[in-house]
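Remarks on the overall topology
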Amino acid sequence: KQEVTQIPAALSVPEGENLVLNCSFTDSAIYNLQWFRQDPGKGLTSLLLIQSSQREQTSGRLNASLDKSSGRSTLYIAASQPGDSATYLCAVKLSAGANSKLTFGKGITLSVRP
Amino acid sequence: DAGVTQSPTHLIKTRGQHVTLRCSPISGHKSVSWYQQVLGQGPQFIFQYYEKEERGRGNFPDRFSARQFPNYSSELNVNALLLGDSALYLCASSKTVLSATEAFFGQGTRLTVV
(Lines give C-alpha, C1' and ligand atoms only; values in the text may rest on other atoms or scores of the structure.)
Protein backbone atom coordinates (compact mmCIF):
# COMPACT_ATOMS: atom_id res chain seq x y z
CA LYS A 1 0.00 0.00 0.00
CA GLN A 2 1.37 3.37 -1.04
CA GLU A 3 1.97 5.79 1.83
CA VAL A 4 2.93 9.43 1.43
CA THR A 5 4.58 11.34 4.25
CA GLN A 6 5.18 15.04 4.65
CA ILE A 7 7.29 16.25 7.55
CA PRO A 8 7.12 18.61 9.38
CA ALA A 9 3.38 19.20 9.64
CA ALA A 10 3.92 22.95 10.02
CA LEU A 11 6.64 25.44 9.21
CA SER A 12 7.06 29.14 9.97
CA VAL A 13 9.66 31.26 8.17
CA PRO A 14 10.42 34.99 7.77
CA GLU A 15 9.59 36.69 4.51
CA GLY A 16 12.30 36.42 1.87
CA GLU A 17 13.66 33.08 3.00
CA ASN A 18 14.21 30.26 0.49
CA LEU A 19 12.66 27.05 1.73
CA VAL A 20 12.27 23.37 0.90
CA LEU A 21 9.22 21.23 1.56
CA ASN A 22 9.75 17.49 1.63
CA CYS A 23 7.58 14.59 0.50
CA SER A 24 8.39 10.89 0.74
CA PHE A 25 6.54 7.85 -0.61
CA THR A 26 6.93 4.15 0.07
CA ASP A 27 6.29 2.61 -3.36
CA SER A 28 8.70 3.89 -6.01
CA ALA A 29 6.55 2.55 -8.88
CA ILE A 30 4.80 5.86 -9.32
CA TYR A 31 3.64 7.31 -12.61
CA ASN A 32 3.76 10.94 -11.57
CA LEU A 33 3.75 13.24 -8.58
CA GLN A 34 1.76 16.42 -8.18
CA TRP A 35 2.20 19.30 -5.73
CA PHE A 36 -0.89 21.24 -4.64
CA ARG A 37 -1.59 24.33 -2.62
CA GLN A 38 -4.64 24.57 -0.36
CA ASP A 39 -5.83 27.75 1.32
CA PRO A 40 -7.91 27.34 4.51
CA GLY A 41 -11.30 25.79 3.77
CA LYS A 42 -10.69 25.87 0.04
CA GLY A 43 -10.03 23.40 -2.74
CA LEU A 44 -6.69 22.34 -4.19
CA THR A 45 -4.69 24.36 -6.69
CA SER A 46 -2.27 22.38 -8.81
CA LEU A 47 1.24 23.82 -8.65
CA LEU A 48 3.49 21.37 -10.47
CA LEU A 49 3.19 17.94 -12.07
CA ILE A 50 6.31 15.79 -12.47
CA GLN A 51 6.14 12.68 -14.64
CA SER A 52 8.15 9.66 -13.47
CA SER A 53 10.60 10.14 -16.34
CA GLN A 54 11.37 13.71 -15.25
CA ARG A 55 13.74 14.94 -12.56
CA GLU A 56 12.28 18.37 -11.96
CA GLN A 57 9.74 20.98 -12.98
CA THR A 58 9.79 24.74 -12.54
CA SER A 59 7.09 27.40 -12.42
CA GLY A 60 8.05 30.90 -11.40
CA ARG A 61 9.51 30.83 -7.89
CA LEU A 62 8.64 27.16 -7.48
CA ASN A 63 10.83 24.20 -8.35
CA ALA A 64 9.90 20.59 -7.70
CA SER A 65 12.29 17.67 -7.92
CA LEU A 66 11.65 13.94 -8.01
CA ASP A 67 13.92 11.05 -7.03
CA LYS A 68 11.93 7.86 -7.62
CA SER A 69 14.65 5.49 -6.47
CA SER A 70 14.78 7.06 -3.02
CA GLY A 71 11.04 7.77 -2.88
CA ARG A 72 11.43 11.50 -2.38
CA SER A 73 10.27 14.79 -3.83
CA THR A 74 11.02 18.34 -2.76
CA LEU A 75 9.24 21.61 -3.46
CA TYR A 76 11.60 24.57 -3.39
CA ILE A 77 10.09 28.02 -2.88
CA ALA A 78 12.39 30.94 -3.60
CA ALA A 79 12.13 34.31 -1.85
CA SER A 80 9.04 33.38 0.16
CA GLN A 81 6.23 35.93 0.56
CA PRO A 82 3.34 36.20 3.06
CA GLY A 83 1.01 35.28 0.20
CA ASP A 84 2.71 31.88 0.05
CA SER A 85 1.15 31.02 3.42
CA ALA A 86 -1.01 27.94 2.82
CA THR A 87 -0.96 24.15 3.15
CA TYR A 88 1.13 22.34 0.56
CA LEU A 89 0.22 18.76 -0.32
CA CYS A 90 2.00 16.25 -2.47
CA ALA A 91 0.19 13.38 -4.16
CA VAL A 92 1.42 10.39 -6.15
CA LYS A 93 -0.23 8.36 -8.85
CA LEU A 94 0.68 4.71 -9.23
CA SER A 95 1.86 3.18 -12.45
CA ALA A 96 -0.44 1.79 -15.13
CA GLY A 97 -2.60 -1.10 -14.01
CA ALA A 98 -4.16 0.77 -11.11
CA ASN A 99 -6.92 3.30 -11.43
CA SER A 100 -5.45 6.76 -11.68
CA LYS A 101 -6.26 7.81 -8.14
CA LEU A 102 -4.03 10.16 -6.23
CA THR A 103 -2.58 9.19 -2.86
CA PHE A 104 -1.96 12.28 -0.73
CA GLY A 105 0.23 13.22 2.17
CA LYS A 106 -1.27 15.14 5.07
CA GLY A 107 0.32 18.38 3.93
CA ILE A 108 2.68 20.95 5.35
CA THR A 109 1.14 24.18 6.67
CA LEU A 110 3.46 27.04 5.79
CA SER A 111 3.34 30.43 7.47
CA VAL A 112 5.50 33.22 6.05
CA ARG A 113 5.94 36.05 8.55
CA PRO A 114 6.15 39.64 7.21
CA ASP B 1 -12.69 28.86 -19.28
CA ALA B 2 -14.48 27.78 -16.13
CA GLY B 3 -12.65 25.46 -13.81
CA VAL B 4 -14.15 22.58 -11.89
CA THR B 5 -17.37 23.75 -10.24
CA GLN B 6 -19.00 22.13 -7.23
CA SER B 7 -22.33 22.77 -5.57
CA PRO B 8 -23.37 23.52 -2.97
CA THR B 9 -20.37 25.15 -1.27
CA HIS B 10 -21.65 24.47 2.22
CA LEU B 11 -24.24 22.08 3.58
CA ILE B 12 -25.56 21.16 7.02
CA LYS B 13 -27.41 17.87 7.44
CA THR B 14 -28.75 15.82 10.33
CA ARG B 15 -27.59 12.30 11.14
CA GLY B 16 -29.48 9.70 9.14
CA GLN B 17 -30.30 12.05 6.27
CA HIS B 18 -29.22 11.72 2.67
CA VAL B 19 -27.08 14.20 0.72
CA THR B 20 -26.28 14.79 -2.96
CA LEU B 21 -23.20 16.72 -4.03
CA ARG B 22 -22.66 17.90 -7.60
CA CYS B 23 -19.63 18.50 -9.78
CA SER B 24 -19.11 19.90 -13.27
CA PRO B 25 -15.71 19.13 -14.79
CA ILE B 26 -13.60 21.39 -16.93
CA SER B 27 -14.91 21.55 -20.50
CA GLY B 28 -13.37 18.72 -22.51
CA HIS B 29 -12.56 16.61 -19.45
CA LYS B 30 -14.22 13.23 -19.38
CA SER B 31 -13.02 11.88 -16.02
CA VAL B 32 -14.32 12.91 -12.61
CA SER B 33 -12.99 11.72 -9.25
CA TRP B 34 -14.31 12.32 -5.75
CA TYR B 35 -12.22 12.74 -2.60
CA GLN B 36 -13.05 13.19 1.08
CA GLN B 37 -10.84 15.42 3.21
CA VAL B 38 -11.35 15.48 6.97
CA LEU B 39 -9.74 18.23 8.99
CA GLY B 40 -5.99 17.88 9.29
CA GLN B 41 -5.73 15.02 6.80
CA GLY B 42 -4.96 14.69 3.11
CA PRO B 43 -7.80 13.90 0.70
CA GLN B 44 -8.88 10.26 0.50
CA PHE B 45 -10.04 8.74 -2.80
CA ILE B 46 -13.72 7.75 -2.99
CA PHE B 47 -14.64 7.17 -6.66
CA GLN B 48 -13.47 7.70 -10.20
CA TYR B 49 -15.73 7.84 -13.24
CA TYR B 50 -14.83 7.97 -16.91
CA GLU B 51 -17.25 7.97 -19.80
CA LYS B 52 -20.09 7.33 -17.34
CA GLU B 53 -18.52 4.15 -16.01
CA GLU B 54 -17.01 3.58 -12.58
CA ARG B 55 -13.29 3.05 -12.97
CA GLY B 56 -12.20 2.99 -9.37
CA ARG B 57 -13.55 2.86 -5.84
CA GLY B 58 -11.81 3.65 -2.58
CA ASN B 59 -12.32 2.08 0.82
CA PHE B 60 -15.66 3.66 1.65
CA PRO B 61 -18.91 1.97 2.78
CA ASP B 62 -21.80 1.26 0.43
CA ARG B 63 -23.60 4.31 1.81
CA PHE B 64 -21.45 6.23 -0.67
CA SER B 65 -22.43 6.08 -4.33
CA ALA B 66 -21.86 8.19 -7.41
CA ARG B 67 -22.72 8.49 -11.05
CA GLN B 68 -21.63 10.40 -14.11
CA PHE B 69 -23.99 11.90 -16.65
CA PRO B 70 -23.72 12.12 -20.48
CA ASN B 71 -22.43 15.69 -20.15
CA TYR B 72 -19.66 14.32 -17.84
CA SER B 73 -20.98 16.07 -14.74
CA SER B 74 -21.20 13.90 -11.66
CA GLU B 75 -23.12 13.40 -8.44
CA LEU B 76 -21.90 11.94 -5.16
CA ASN B 77 -24.61 10.53 -2.91
CA VAL B 78 -24.24 9.64 0.74
CA ASN B 79 -27.04 7.84 2.60
CA ALA B 80 -27.67 7.46 6.32
CA LEU B 81 -25.26 10.24 7.23
CA LEU B 82 -23.00 9.80 10.23
CA LEU B 83 -21.21 12.49 12.23
CA GLY B 84 -17.95 11.12 10.82
CA ASP B 85 -19.04 12.02 7.30
CA SER B 86 -18.44 15.67 8.12
CA ALA B 87 -15.66 16.72 5.77
CA LEU B 88 -14.68 18.72 2.72
CA TYR B 89 -15.70 16.80 -0.40
CA LEU B 90 -13.53 17.53 -3.39
CA CYS B 91 -14.14 16.81 -7.03
CA ALA B 92 -11.28 16.49 -9.51
CA SER B 93 -11.47 16.41 -13.27
CA SER B 94 -8.97 15.19 -15.83
CA LYS B 95 -9.02 14.68 -19.57
CA THR B 96 -8.74 10.90 -19.38
CA VAL B 97 -8.03 8.15 -16.87
CA LEU B 98 -4.53 7.70 -18.22
CA SER B 99 -1.98 7.99 -15.45
CA ALA B 100 -0.09 10.82 -17.17
CA THR B 101 -2.94 13.30 -17.03
CA GLU B 102 -3.04 16.17 -14.55
CA ALA B 103 -5.90 16.46 -12.05
CA PHE B 104 -7.66 19.76 -11.40
CA PHE B 105 -9.77 20.24 -8.30
CA GLY B 106 -12.84 22.27 -7.49
CA GLN B 107 -13.36 24.42 -4.40
CA GLY B 108 -15.12 21.63 -2.58
CA THR B 109 -18.36 21.18 -0.67
CA ARG B 110 -18.11 21.55 3.09
CA LEU B 111 -20.53 19.03 4.63
CA THR B 112 -21.37 19.28 8.31
CA VAL B 113 -23.43 16.50 9.89
CA VAL B 114 -25.07 17.38 13.20
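So, a few notes on the structure that sits alongside this text.

**Describing the overall build of chain A**
- Across its full length, chain A carries zero helices and 11 strands.
- Ordered by position from the N terminus, the helices and strands of chain A form the series β-β-β-β-β-β-β-β-β-β-β.
- Expected size for 114 residues packed as a compact globule is a radius of gyration near 13 Å; at 14 Å, chain A falls within 12% of this value.
- Each principal axis of the C-alpha distribution contributes one length, and for chain A these read about 45 × 30 × 20 Å.
- Taken across its 114 residues, chain A has 44% of its residues classed as buried.
- Expressed as a percentage of contacts within chain A between residues at least 6 apart in sequence, the contacts between residues at least 24 apart total 56%.
- By element, 48% of the accessible surface of chain A is carried by carbon and sulfur atoms, the whole surface being about 5,300 Å².

**Concerning the state of the cysteines**
All names here are of chain A.
- The full count for this structure, using the stated rule, is two disulfides over all chains.
- Disulfide pairing is shown between Cys 23 and Cys 90; the S-S distance is 1.9 Å. Since a negative S-S torsion denotes a left-handed disulfide, the Cys 23-Cys 90 link at about 75 degrees is right-handed. One end of the pair, Cys 23, is in strand β3 (residues 19–25); the other, Cys 90, is in strand β9 (residues 86–94), with 67 residues separating them in the sequence. Across the pair, Cys 90 and Cys 23 agree in class, each one buried.

**Notes on the packing of aromatic side chains**
- Going through the model one piece at a time under the given rule, you end up with eight aromatic pairs over all chains.
- Between B:Tyr35 and B:Phe45, the ring centres sit 5.7 Å apart and the planes meet at 65 degrees, which makes this aromatic pair edge-to-face. You can see B:Tyr35 sitting in strand β4 (residues 31–37) and its partner B:Phe45 sitting in strand β5 (residues 44–50), a full 10 residues away along the chain.
- Look at B:Tyr35 and you get buried, because its relative accessible area is 1%.
- Residue B:Phe45 is classed as buried on the basis of its relative accessible area, which comes to 6%.
- In textbook terms, an aromatic cluster arises when at least three aromatic residues are bridged by ring pairs, as seen for A:Phe36, A:Phe104, B:Tyr35, B:Phe45 and B:Phe105.

**Quick look at the side chain of B:Ser94**
Residue and element names in this part refer to chain B.
- For Ser 94, the location among the structural elements is in strand β9 (residues 87–94).
- We classify Ser 94 as buried; its relative accessible area is 8%.
- With residues near it in sequence (within four places) discarded, Ser 94 still touches His 29, Lys 30, Ser 31, Thr 101, Glu 102 and Ala 103.

**A few points about the sheet that holds strand β1 (residues 5–7) of chain B**
Residue and element names in this part refer to chain B.
- As summarised here, the arrangement of the four strands in space is β1-β3-β8-β7, forming an open sheet in which the pairing is antiparallel. Single-partner strands in this sheet number two, and they are β1 and β7 (64–68). For this sheet, the mean inter-axis angle between neighbouring strands, taken without regard to orientation, is 15 degrees.
- The pairing of β1 with strand β3 (residues 19–24) spans three bridges and is antiparallel.

**Re the interface of chain B and chain A**
- Taken together, the 24 residues of chain B in the interface contact 24 residues of chain A.
- Carbon and sulfur atoms supply 49% of the area buried between chain B and chain A, which totals about 1,800 Å² over both sides.
- For the pair chain B and chain A, the interface holds zero salt bridges.
- Across the contact surface, chain B and chain A share five residue pairs in polar contact (both at pLDDT 80 or more).
- Going through the elements one at a time, β4, β5, β6 (53–57) and β9 of chain B are the ones with two or more residues in the side of chain B that touches chain A.
- A per-element tally of the side of chain B that touches chain A places β6(B) first, with three residues.
- Its residues assigned to classes, the side of chain B that touches chain A shows 10 nonpolar, 10 polar and four charged.

**Quick word on the nonpolar core**
- A:Leu21, A:Leu33, A:Trp35, A:Leu75, A:Ile77 and A:Tyr88 are the most contacted members of the largest nonpolar core, which has 24 residues in total.
- At the level of secondary structure, the elements contributing two or more residues to this core comprise β3, β4 (30–38), β5 (44–51), β7 (62–67), β8 (72–77), β9 and β11 (108–113) of chain A.
- When neighbours within four sequence positions are excluded, A:Leu21 is seen to be in contact with A:Leu11, A:Trp35, A:Ser73, A:Thr74, A:Leu75, A:Ile77, A:Tyr88 and A:Ile108.
- Counting residues in hydrophobic clusters, the runner-up holds 22 residues, among them B:Ile26, B:Tyr49, B:Leu76 and B:Leu81.

Cut-off values and rules
Residues numbered from 1 in each chain as written. Chains lettered and ligands numbered in written order. Predicted model: local features only at pLDDT ≥ 70, side-chain atom pairs only at ≥ 80, totals over all residues. Heavy atoms only, no water. Helix = DSSP H or I, 4+ residues; strand = E, 2+ residues; numbered from the N terminus. Rg over C-alpha atoms; globule rule 2.2 N^0.38 Å. Buried < 20%, exposed > 50% of the residue type's maximum accessible area, 1.4 Å probe, protein only. Contact = heavy atoms within 4.5 Å. Areas by Shrake-Rupley, 256 points an atom, 1.4 Å probe, with all protein chains shown as cover. Disulfide = S-S within 2.5 Å. Phe/Tyr/Trp six-rings, centres within 6.5 Å; stacked < 30°, edge-to-face > 60°. Pairing = 2+ DSSP bridges. Axes fitted to C-alpha atoms, helices over the stretch in contact; angles between N-to-C directions. Buried area = accessible area lost by both parts, 1.4 Å probe. Salt bridge = Lys/Arg side-chain N within 4 Å of Asp/Glu carboxyl O. Polar contact = N/O pair within 3.5 Å; in protein donor to acceptor, adjacent residues only side chain to side chain. Nonpolar A, V, L, I, M, F, W, Y, C, P; charged D, E, K, R; others polar. Core = buried A, V, L, I, M, F, W, Y, C linked by side-chain atoms within 4.5 Å.

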